[in-house]
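Structural description and commentary
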Amino acid sequence: MSAQPGWYDAGVPGQERWWDGTQWTAHERPVLGVTPVGVPAVQPQYVVPVAPAAPMGWFPVVGTADVRWWDGTTWTPYRIRDRRVRADAFNFEPGKQGVLLGSLFIGLGIVQFLNYSRLDSNVFSITPSFFVIAGVVWLIGGFQVNQLKKLPAPSTVPIFDALTRPLPGEAEGAAAGWYPVSGKITRWWTGTQWSPYIAQKLGVRPTHFGPRSYRNAMILGAIFVGLGVLGAVLGFTLMGALGTFGGLVIAIPALVFALVGGLVLLTVYLRRYTLLIPPHPPTLL
């Protein structure tokens, strides 16, 4: 489980597959100097040397002042700036999903604007405005992550900095390895301490900024719940005072706000150890 990222025997003669440090990926390549089965050997007149893939680590990005986390296959939206590990603003992985959700929410916001415009009132524009703003944020984040894929792979040696350690793969004891912390998400244990890196479906990601992200997410969820409850109370109060169902136009979106906020609070709390260092060592298997 602690094998370093790299090209390993794929179980097919003449082929190698990329191991990202936690799992096999879909990337394969022919082994140099080995002729695949069924392919006649031909002596090429010129062979282009293939540079070995860079292992995961912190690398300077050519043409920029950034030092980013390379997960062994692609650049990620995590960089070192002002002596701190930070995530790009509005980043959303995977990028295609961010673009899809952004387009969907902007579409929903436009539809709601058109519906509420028939009421000839600006009071009800808060919900579609929220959807449009959320959609724009997701679009920006999705486009940013997709742009990172166009950057050339690192060609220099990785940068080792005390603020980024312990790195995945560093061992300080016999029990070093990846251990589950939330569902299928694992965190590296050096044998004596937890590392600020988790492994998930997307790859290995740093979590140095986790405590701040956890706090901000919990505050945002609480705000959503509070605004939703207040809006629902206001809507149902108007219904009682006016004797009509007009207050539902406020109450229903407010209840959606409260539900979204509650889901944020519950999800972030249940997955807190993907952002926070667990207080106890892993249960050794």
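Structure's up top.
My aim in this report is to walk through the structure given alongside it, one point at a time. Worth saying up front: this structure is predicted, and the values here are computed from it rather than measured. (Residues numbered from 1 in each chain as written. Predicted model: local features only at pLDDT ≥ 70, side-chain atom pairs only at ≥ 80, totals over all residues. Heavy atoms only, no water.)

**Quick notes on the environment of valine 181**
Note that valine 181 resides in strand β8 (residues 177-182). For the pair valine 181 and proline 278, spaced 97 residues apart in sequence, the C-alpha to C-alpha distance is 7.9 Å. (Helix = DSSP H or I, 4+ residues; strand = E, 2+ residues; numbered from the N terminus.)

**A few points about unusual backbone geometry**
In this structure, the amide linkage connecting arginine 165 to the following residue, proline 166, adopts the cis form with an omega of 5 degrees. Topologically, proline 166 is positioned in the loop between α2 (126-148) and β8. One non-glycine residue, aspartate 82, adopts positive backbone phi at about 55 degrees. Its place among the elements puts aspartate 82 in the loop between β6 (75-81) and β7 (84-87). Phi at arginine 83 is positive, roughly 60 degrees, even though this residue is not glycine.

**Regarding the pairing of β8**
Across the 6 residues of β8, 5 count as buried, placing the element largely inside the fold. Where β8 lies against strand β9 (residues 185-189), 5 bridges are found, and the strand directions are antiparallel. Paired with serine 182 across the two strands is isoleucine 185, which belongs to β9. (Buried < 20%, exposed > 50% of the residue type's maximum accessible area, 1.4 Å probe, protein only. Pairing = 2+ DSSP bridges.)

**Quick word on the side chain of arginine 187**
One can find arginine 187 in strand β9. No salt bridge forms around the buried arginine 187; measuring N to O, its nearest opposite-charge neighbour glutamate 170 is 13 Å away. Side-chain polar atoms of arginine 187 contact the backbone oxygen of tyrosine 273, separated by 3.0 Å. (Lys, Arg positive; Asp, Glu negative; His and termini not counted. Salt bridge = Lys/Arg side-chain N within 4 Å of Asp/Glu carboxyl O. Polar contact = N/O pair within 3.5 Å; in protein donor to acceptor, adjacent residues only side chain to side chain.)

**Some remarks on the sheet that holds strand β4 (residues 57-60)**
Read across the sheet, 4 strands follow the order β4-β5-β6-β7 without closing on themselves; strand pairing throughout is antiparallel. Two strands lie at the open edges of the sheet, namely β4 and β7, each paired on one side alone. On average, adjacent strands in this sheet sit at an angle of 40 degrees to one another, irrespective of strand direction. (Axes fitted to C-alpha atoms, helices over the stretch in contact; angles between N-to-C directions.)

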